[in-house]
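Here is how the chains run, residue by residue.
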Amino acid sequence: MTIWLSIEGKKRRVDLPSGLVGGTLECSVDGSPFTADVRMLQPGVMSLLIGGRQYRCILDGDAVLIAGQRFGFEVDDPRSLQGRRRAGAGSEGPRAVKAPMPGRVVRVLVAVGDEVAEGQGVVVIEAMKMQNELKSPKAGRVVRVAVAVDDTVGSGDVLAVVE
Amino acid sequence: MAKTIRKVLIANRGEIALRVIRGCREMGIGTVAVYSDADRAALHVLHADEAYRLGPAPASESYLRGDLILEVAHRAGADAIHPGYGFLSENAEFADACAAAGVIFIGPPGSAMRVLGSKTKARQAADAAGMPRVPGSVTGLADTAEALRVAGGIGYPVMLKAAAGGGGKGMRAVTRAEDLSAAFTAASSEALRSFGSGEVYLEKLIERPRHIEIQLMADEHGHCLYLGERECSVQRRHQKVIEEAPSAVVSETLRQRMGEAAVRLALSAGYVNAGTVEFLVDAEENFYFLEMNTRLQVEHPVTELVTGLDLVHLQLRVAMGEPLPLKQQDVRLRGHAIECRIYAEDPENNFFPSPGLITMLQQPTGPGIREDCAVYAGWRVPLDYDPMLSKLVAFAETREGAIDRMVRALEEYVIGGIKTNIGLFRRILLDEDFRAARIDTGYLERLLAAPAISTDTPQAEPVSEDVVALAAALFTASTVREAAPKTEAATESRWAVAGRREGLRL
């Protein structure tokens, strides 16, 4: 099976033999062959032996950790490509202000219909004794305020939309 | 007078609550935990003999409710309360309330806290004890005019500080007289918001100071020991990030001078139990009194490792009325210890806090490693409290050895599911200036402002990009198979995986 990845912004093609993930596998990365001894230790933890070198690899969300270093990756497929195109839409169309972390809303600085400048504070959320002011990604009009003071929000939740 | 302590209530949470529970257990003393609704499954609760609910998650309705805590102490028959650090630990009213209720408060008496806990009063006490301090006012400033007069007298740059402050709140550096008025108003209102008192004082700004503090332990019989120093110059926004003992720049003579000055101050205020006197030290080895912390501190483990003493055991013995079991000449420092404070925050995204579910935890072990930690895989780090997850401490014969050991331990350490600052420490510990101990309280902010350089360990080969790609692909493939173990339609499952990944990202 072929897997397309973006690692730290770089496109990579990995071919793996079909069948179980484990044991000695003949793989290739961008066409160059690799023999890897693969052992899944527990979900998200794997030991790789390649040419005698041992790598303990750990999956953490959208990154792999190897030897104390973190490498972000993305699996490339049509859907995530589309998602990225949407995210990179610049100042065209409505843009959401999202919570970068879980927290509690302590202040809402705008109301629907307000004109805001790019970088203007929209909502203040607090977590772990730290307050963070979330700013408008673009100049425009607030078309939606999705939260109220004292609401608990999760990471990535939409707080407001600016059009 | 000897008192017996059979059962201790720990009025705290997190790693410090667990640290105290362990100390009690080692001495055969019973333990009572208290918890908020967010902490029912917290590690400190799981390690205690008894546990009682205080209230909802916000600290003001749980860990700061001294009245409820005293009620629990009575209900459980606890004869002493250990306050840990933060929360009620430096609250003189609470210490008095414990005494009035016939419960031993494991810490200084309320009277000593009142003298040394307020920064302006402590500065007056420091003057009385003949201790050098940073030039500036010893009382709160009445208004901008007084601030201007004092600042003019000592010369710019100056620092405005909240009398009741801590943690960097209510502080403003001012370099020019024109800026003083605005900074005074801002510092005062921030202090009022954070500490309930708008009292602000002013002192000369010492340029590039090191933060060095002396650990004290005093008994009820008029004896007080200094247990060496800790250097805590690696700070971000006035919060300590790395602490070590001993300091690379403190000589035997300087240690003795600072230690004796700290002891004089503590004895002058009738201080009992563990406490810390903080100093700023300039490039010429002048030291200036900064403030006194009237509690056991976060970074106490580095002192424990280099002195071989258990500070929690000593605290308990002192609270039972026992005299200190050793004399100043018996205190000997050996080796070097470094502590890293592991926080749930994202150094790559403005240090945003990162509470949430810990999905995986691989903790370092091996020679010279101690970890004071209160999280586990499956624990959801609540968003209501301080972001500290753990304190990782490395001990070795030399400073260099301790640094190398810490780098090794951090490589072993994995916390999955939430973001942490583990990666940041690697950068600091491999930095040439840190390794040469060229540090001051502005060091870390300067390092963070500089572009990141490669931090591959010199002896290890860098991980090849091909290996990273292979590992990522194997994980992706294994998730696909878990998601759809029965079907052979790999394309479909990949869509499912993509959908789930997208879903998680929303």
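Residues numbered from 1 in each chain as written. Chains lettered and ligands numbered in written order. Predicted model: local features only at pLDDT ≥ 70, side-chain atom pairs only at ≥ 80, totals over all residues.

S.K.: How should the environment of Gly77 of chain B be read in this particular structure?
M.R.: Residue and element names in this part refer to chain B. Considering the arrangement of structural elements, one finds Gly77 in the loop between α3 (66-76) and β4 (80-82). Since 12 C-beta atoms lie within 10 Å of it, Gly77 is described here as exposed. Along the chain, Gly77 and Arg6 lie 71 residues apart, while their C-alpha atoms are 9.1 Å from each other. (Helix = DSSP H or I, 4+ residues; strand = E, 2+ residues; numbered from the N terminus. Buried ≥ 20, exposed ≤ 12 C-beta atoms within 10 Å, placed from the backbone.)

S.K.: It is not clear to me how the interface of chain B and chain A should be interpreted in this structure. Could you clarify?
M.R.: Accessible area lost during the coming together of the parts is what is often quoted as the interface size. Taken together, the contact pairs 42 residues of chain B with 48 residues of chain A. For the side of chain B that touches chain A, the secondary structure elements donating two or more residues are β16 (352-353), α12 (399-412), β22 (414-416), α13 (422-429), α16 (465-483) and α17 (490-505) of chain B. Counting residues per element, the side of chain B that touches chain A draws most heavily on α16 of chain B, which supplies 15 residues. Of the residues in the side of chain B that touches chain A, the class split is 25 nonpolar, seven polar and ten charged. (Contact = placed C-beta atoms within 7 Å. Nonpolar A, V, L, I, M, F, W, Y, C, P; charged D, E, K, R; others polar.)

S.K.: When you look at the sheet that holds strand β3 (residues 50-55) of chain B in this model, what are you seeing that I'm missing?
M.R.: As a general point, the strands of a sheet are linked pairwise by backbone hydrogen bonds and lie either parallel or antiparallel. Residue and element names in this part refer to chain B. The five strands lie next to each other as β3-β2-β1-β4-β5, forming an open sheet whose pairing is parallel. Either end of the sheet is taken by a strand with one partner, and the two such strands are β3 and β5 (104-105). Pairing of β4 with β5, which is carried by two bridges, proceeds in the parallel orientation. Bridge assignment links Ile81 to a residue of β5, and that residue is Phe105. On top of the sheet, α3 reaches β1 (7-10), β2 (30-36), β3 and β4; it is set at about 150° to β3, its chief contact. (Pairing = 2+ DSSP bridges. Axes fitted to C-alpha atoms, helices over the stretch in contact; angles between N-to-C directions.)

S.K.: What should I look at first to understand the domain arrangement of chain B in this one?
M.R.: All names here are of chain B. Here the domain parsing of chain B yields domain 1 (7-106), domain 2 (135-204), domain 3 (207-334 + 431-462), domain 4 (341-429) and domain 5 (465-505). Here the C-alpha centroids of domain 1 and domain 4 sit 25 Å apart. Elements supplying a minimum of two residues to the side of domain 1 that touches domain 4: α1 (14-26) and α2 (43-47). No other element matches the four residues that α1 contributes to the side of domain 1 that touches domain 4. Classifying every residue of the side of domain 1 that touches domain 4 by side-chain character gives eight nonpolar, three polar and four charged. (Domains from an automatic or database assignment.)

S.K.: I keep staring at the sheet that holds strand β8 (residues 200-204) of chain B and nothing clicks. Help me out?
M.R.: All names here are of chain B. The strand order across the open sheet formed by three strands is β7-β6-β8, and the pairing between neighbours is antiparallel. Edge positions in the sheet fall to β7 (172-174) and β8, since each has one partner strand and no second. Put simply, the sheet's adjacent strands are angled 25° from each other on average, direction ignored. With five bridges joining them, strand β6 (residues 158-162) and β8 adopt antiparallel strand pairing. For Lys161, the partnering residue across the bridge sits in β8 and is Tyr201. Here helix α7 (residues 144-154) sits on the sheet and contacts β6 and β8; the angle it forms with β8, its principal contact strand, is near 15°.

S.K.: Sorry if this is basic, but what is going on with helix α5 (residues 110-117) of chain B here?
M.R.: An α-helical segment advances 3.6 residues per turn. Residues three or four places apart therefore align on the same side. Residue and element names in this part refer to chain B. For α5, a buried count of six out of eight residues is recorded, marking the element as mostly surrounded by other parts of the structure. When α5 is considered as a whole, its buried residues turn out to be Gly110, Ala112, Met113, Val115, Leu116 and Gly117. Here the buried face of α5 lies against α4 (92-100), α6 (119-128) and β13 (287-293).

S.K.: Help me understand the nonpolar core in this model?
M.R.: For soluble globular proteins, nonpolar side chains are generally found buried alongside one another. Within the largest apolar cluster, 174 residues are counted, with the highest numbers of intra-cluster contacts made by Val64 of chain A together with Leu9, Leu216, Leu470 and Ala471 of chain B. Top contributing element to this core by residue count: α16 of chain B, with ten residues. (Core = buried A, V, L, I, M, F, W, Y, C linked by C-beta atoms within 7 Å.)

S.K.: Explain α7 of chain B to me, please; I cannot follow it from the model alone.
M.R.: Residues and elements named next belong to chain B. Within α7 the residues assigned to the buried category are Ala147, Val150 and Ala151. Around the axis of α7, the buried residues are gathered within 100° of arc, so they sit on the same side. Turned more than 90 degrees off the buried face of α7, the exposed positions are Ala145, Arg149, Gly152 and Gly153. One or two residues past the end of α7 sits Gly155, with phi positive at roughly 90°. (Arc of directions from axis to C-beta.)

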